[in-house]
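The primary structure of each chain is shown beneath.
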Amino acid sequence: MPFDYGANPYRGCEHGCIYCYARERHAELGLSPGLDFESRLFDKPHAAALLHKTFSRAGYKPGIIALGTATDCYQPIERALKITRAMLEVLLAWHHPVRIITKATLILRDLELLRELAASHLLVVHFSLITLDDELSRRLEPRAAGPGPRLRAMERLAGAGVPVGVMLAPVIPILTDGDIETVLGAARHAGASFAEMGLLRLSGAVHGLFAQWLAEHAPDSARRCLARVAETAGSSMAQSLQGQGPYAHMLQQRFALARRRLGFGVSPDLRLDLFRPPGSGQQLELFG
Ligand code: SF4
């Protein structure tokens, strides 16, 4: 997913996905990457004002902002705090492009705002979905929306003219690697126009948490799953997400075949040339 700046209104995430790499950042704060990550949340109440200040600086060059690169910007706390919404209002006022990454149906609350951004080619939504199995999803991503509601949210977004794609990430060896074609098919049916895939990578504390989870929820697959993760890990983040070795290559081939068969395109480009201070477009029209 191409972007220039990452922005995250929250630190920690109530969705509690066991594989989440952002858990590491809580550990860096001296908090537990387990429960604390899911329950001790930090919000950035001035995020929208900071965005406005940044855009106002002389010499600021617009680039693609990605909202939710580390934690979900539409996790439940957003319902009350509305920080993501306030950021989107600033982005729209400045005609600044943005990509949103989420698993949450709360995004539909802001449909009108999203529709306006999309109408000016300023928005793409990347919806994360790794399996259609409700029970597995509930165990892996305990407080995120289930696969059905996510697909319906994608459908509503696409129906409103908002470009939406499916992020099949992370593919979890043995547990969800059989789901590539079905997830892509369901997402395409729901209106996703592009698809992305990434393999599971486990580092630091997340490795231990995931291994514990496997021992409890999928003991028969644990050893093979961890062996596959180790075998596919690359030396850089980008390499790791792609994966290396024959197993990763086989998954990439299946993904590419299904993507082509289902007629997925690429993630649309966003416009950078519309960036301007709020209100300046109206003035031009008055004197035009
Ligand atoms: S929704 Fe995203 S940020 Fe939140 S726990 Fe899951 S993977 Fe992490």
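What counts and how
Residues numbered from 1 in each chain as written. Predicted model: local features only at pLDDT ≥ 70, side-chain atom pairs only at ≥ 80, totals over all residues. Heavy atoms only, no water. Helix = DSSP H or I, 4+ residues; strand = E, 2+ residues; numbered from the N terminus. Rg over C-alpha atoms; globule rule 2.2 N^0.38 Å. Buried < 20%, exposed > 50% of the residue type's maximum accessible area, 1.4 Å probe, protein only. Areas by Shrake-Rupley, 256 points an atom, 1.4 Å probe, with all protein chains shown as cover. Lys, Arg positive; Asp, Glu negative; His and termini not counted. Charge placed at Lys NZ, Arg CZ, Asp CG, Glu CD. Contact = heavy atoms within 4.5 Å. Axes fitted to C-alpha atoms, helices over the stretch in contact; angles between N-to-C directions. Parallel < 35°, antiparallel > 145°, perpendicular 65-115°, else oblique. Left-handed = near helix turned anticlockwise from the far one by under 90°. Nonpolar A, V, L, I, M, F, W, Y, C, P; charged D, E, K, R; others polar. Core = buried A, V, L, I, M, F, W, Y, C linked by side-chain atoms within 4.5 Å. Near = heavy atom within 4 Å. Expected span 1.5 Å × (residues − 1). Pairing = 2+ DSSP bridges. Right-handed = clockwise from strand over helix to strand, strands pointing away.

(A) Representation of the overall build of the protein chain in the model. In terms of helices and strands, the protein chain carries 14 helices and eight strands. A compact globule built from 288 residues should have a C-alpha radius of gyration of about 19 Å, and the protein chain, at 19 Å, falls within 12% of that. Its C-alpha atoms give the protein chain principal-axis dimensions of about 70 × 45 × 35 Å. Considering the protein chain as a whole, with its 288 residues, one finds that 50% of them fall into the buried category. Counting every atom, the protein chain has about 13400 Å² of accessible surface; 55% of that belongs to carbon and sulfur. Both charge centroids of the protein chain, one from 32 positive and one from 28 negative side chains, sit 2 Å from each other.

(B) Quick look at the environment of Thr84. Within the secondary structure layout, Thr84 lies in helix α5 (residues 83-94). For Thr84 and Asp110, which are 26 residues apart along the polypeptide, the C-alpha to C-alpha distance reads 9.5 Å. Once residues lying within four places of it in the same chain are set aside, the contact partners of Thr84 are Pro9, Tyr10, Leu67, Cys73, Tyr74 and Glu78.

(C) Summary view of the packing of α5 against helix α6 (residues 111-119). Interaxial distance between α5 and α6 falls to 10 Å at its minimum, and their mutual angle equals 30°. Classified by the angle between their axes, α5 and α6 sit roughly parallel to one another. Crossing of α5 against α6: the hand is left-handed. Facing α5, whose interface residues are Arg85, Leu88, Glu89, Leu91 and Leu92, α6 presents Leu113, Leu114, Glu116 and Leu117. Each residue belonging to the contact of α5 with α6 can be placed in one class, and the counts come to six nonpolar, no polar and three charged.

(D) Spotlight on the side chain of Ser128. Within the secondary structure, Ser128 sits in strand β6 (residues 123-128). The buried category is assigned to Ser128, whose relative accessible area is 6%.

(E) The nonpolar core, seen in detail. By size, the foremost hydrophobic cluster in this structure holds 62 residues, and its most contacted members are Leu88, Ile100, Leu157 and Val166. Considering every element that reaches this core, the biggest residue donor is α5, with seven residues. Leaving out residues up to four positions away in the same chain, Val166 has contacts with Phe127, Leu129, Met154, Val183, Leu184, Ala187, Ala192, Phe194, Ala195, Glu196 and Phe264. Listed in part, the 23 residues of the second largest apolar core include Cys13, Cys20, Leu140 and Leu202.

(F) Looking closely at the site of the ligand. Neighbouring the ligand are Cys13, His15, Gly16, Cys17, Tyr19, Cys20, Phe37, Ala70, Thr71, Asp72 and Lys103. Its residues assigned to classes, the shell around the ligand shows six nonpolar, three polar and two charged.

(G) Representation of α5 in the model. Its 12 residues place the ends of α5 17 Å apart at the C-alpha level, agreeing with the 16 Å of an ideal helix rising 1.5 Å per residue. Within α5, burial applies to Ile83, Thr84, Met87, Leu88, Val90, Leu91, Leu92 and Trp94. Two residues or fewer past α5, His95 is found with a positive phi of approximately 55°.

(H) Representation of unusual backbone geometry. Following Ala169, the chain continues to Pro170 via a peptide bond in cis, the omega torsion being 5°. Locating Pro170 in the fold gives a position in strand β7 (residues 164-171). Here His121, not a glycine, exhibits a phi torsion of approximately 60°, which is positive. Look at Ile174: it is not a glycine, yet its phi comes out positive at around 70°. Note on Ile174: relative accessible area 26%, which makes it partly exposed.

(I) Here's a closer look at the pairing of β7. For β7, the tally of buried residues reaches seven of eight residues, placing the bulk of the element in the interior. Sheet topology places β6 next to β7; four bridges connect them, and they run parallel. Counted as the bridge partner of Phe127 is Val166 from β7. Bridge analysis of β7 against strand β8 (residues 194-199) gives five bridges, and the strand direction is parallel. For Leu168, the partnering residue across the bridge sits in β8 and is Met197. The parallel pair β7 and β8, bridged by helix α9 (residues 180-189), forms a crossover whose chirality is right-handed.

(J) Layout of the sheet that holds strand β5 (residues 98-102). Strands sit in the order β1-β4-β5-β6-β7-β8 across an open sheet of six strands; the sheet is parallel. Where the open sheet ends on each side, the last strands, each with one partner, are β1 (5-7) and β8. Within this sheet the neighbouring strands show an average axis-to-axis angle of 25°, counted without direction. Running over the sheet, helix α8 (residues 147-159) touches β6 and β7 and is turned about 165° from β6.

All quantities given are derived from atomic positions and should not be read as evidence of function.
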